[in-house]
Amino acid sequence: EVLSGAFAGMCQVAAANPMESVKVLKQVQGHKAGSTYTIVRRMGLSGLYQGWTACMLRDIPFSAIYFPIYARTKRFLQS
């Protein structure tokens, strides 16, 4: 369960980080940031993954702890 949680956290960051980058840029710059399409073209693929390491360091341990606690709590409550 711990490894499954860690892997799930890694997959979540890989999938969500580009959207998070665009969201934060739009929140900070507002209309000046332009459309999502413009932001993606300007930043490029590597730019969409800026901050990736920090998100991994946050989400992998969280998910590795959360998954087993959730599973055990669920089993406990069902018994």
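Further up the page is the structure itself.
Residues numbered from 1 in each chain as written. Predicted model: local features only at pLDDT ≥ 70, side-chain atom pairs only at ≥ 80, totals over all residues. Heavy atoms only, no water.

## Concerning the state of the cysteines
Okay, so step 1: What the rule picks out here adds up to 0 disulfides.
Okay, so step 2: The structure places no disulfide on C11, whose sulfur is separated from the nearest cysteine sulfur, that of C55, by 15 Å.
Okay, so step 3: With relative accessibility at 15%, the residue C55 sits in the buried group. (Disulfide = S-S within 2.5 Å. Buried < 20%, exposed > 50% of the residue type's maximum accessible area, 1.4 Å probe, protein only.)

## Let's talk about the packing of helix 1 (residues 2–29) against helix 3 (residues 52–78)
Okay, so step 1: Helix 3 packs onto helix 1 with a crossing angle of 145 degrees between their chain directions and a minimal axis gap of 7 Å. For the crossing formed where helix 1 meets helix 3, the hand is right-handed. Residue-level contacts link V2, S4, G5, A6, A8, G9, M10, Q12, V13, A14 and N17 of helix 1 to W52, C55, M56, D59, I60, S63, A64, F67 and P68 of helix 3.
Okay, so step 2: Grouping the constituent residues of the contact of helix 1 with helix 3 by class yields 13 nonpolar, 6 polar and 1 charged. (Axes fitted to C-alpha atoms, helices over the stretch in contact; angles between N-to-C directions. Helix = DSSP H or I, 4+ residues; strand = E, 2+ residues; numbered from the N terminus. Left-handed = near helix turned anticlockwise from the far one by under 90°. Contact = heavy atoms within 4.5 Å. Nonpolar A, V, L, I, M, F, W, Y, C, P; charged D, E, K, R; others polar.)

## Here we look at the packing of aromatic side chains
Okay, so step 1: Under the criterion given, the structure shown has 3 aromatic pairs.
Okay, so step 2: Here the aromatic rings of F62 and Y66 are separated by 5.5 Å at their centres, their planes lie at 15 degrees, and the arrangement is stacked. On the criterion of helical spacing, the pair formed by F62 and Y66 is a turn pair, its members being 4 residues apart in helix 3.
Okay, so step 3: A ring pair is formed by Y66 and F67, whose centres lie 6.4 Å apart and whose planes are at 75 degrees; its orientation type is edge-to-face.
Okay, so step 4: An aromatic cluster is defined as three or more aromatic residues linked by ring pairs; in this entry it consists of F62, Y66, F67 and Y70. (Phe/Tyr/Trp six-rings, centres within 6.5 Å; stacked < 30°, edge-to-face > 60°.)

## What to know about the pattern of salt bridges
Okay, so step 1: The full count for this structure, using the stated rule, is 3 salt bridges.
Okay, so step 2: Here R75 makes a salt bridge to E1, at a shortest N to O gap of 3.3 Å. Here R75, found in helix 3, pairs with E1, found in the segment before helix 1; they are 74 residues apart in sequence, far enough to count as distant.
Okay, so step 3: Of the charged contacts, one joins E20 and K23 as a salt bridge, the two residues approaching to 3.5 Å between their closest N and O atoms. Of the two residues, E20 and K23 both sit in helix 1, 3 residues apart, roughly one turn of that helix.
Okay, so step 4: Residue K23 is classed as partly exposed on the basis of its relative accessible area, which comes to 39%. (Salt bridge = Lys/Arg side-chain N within 4 Å of Asp/Glu carboxyl O.)

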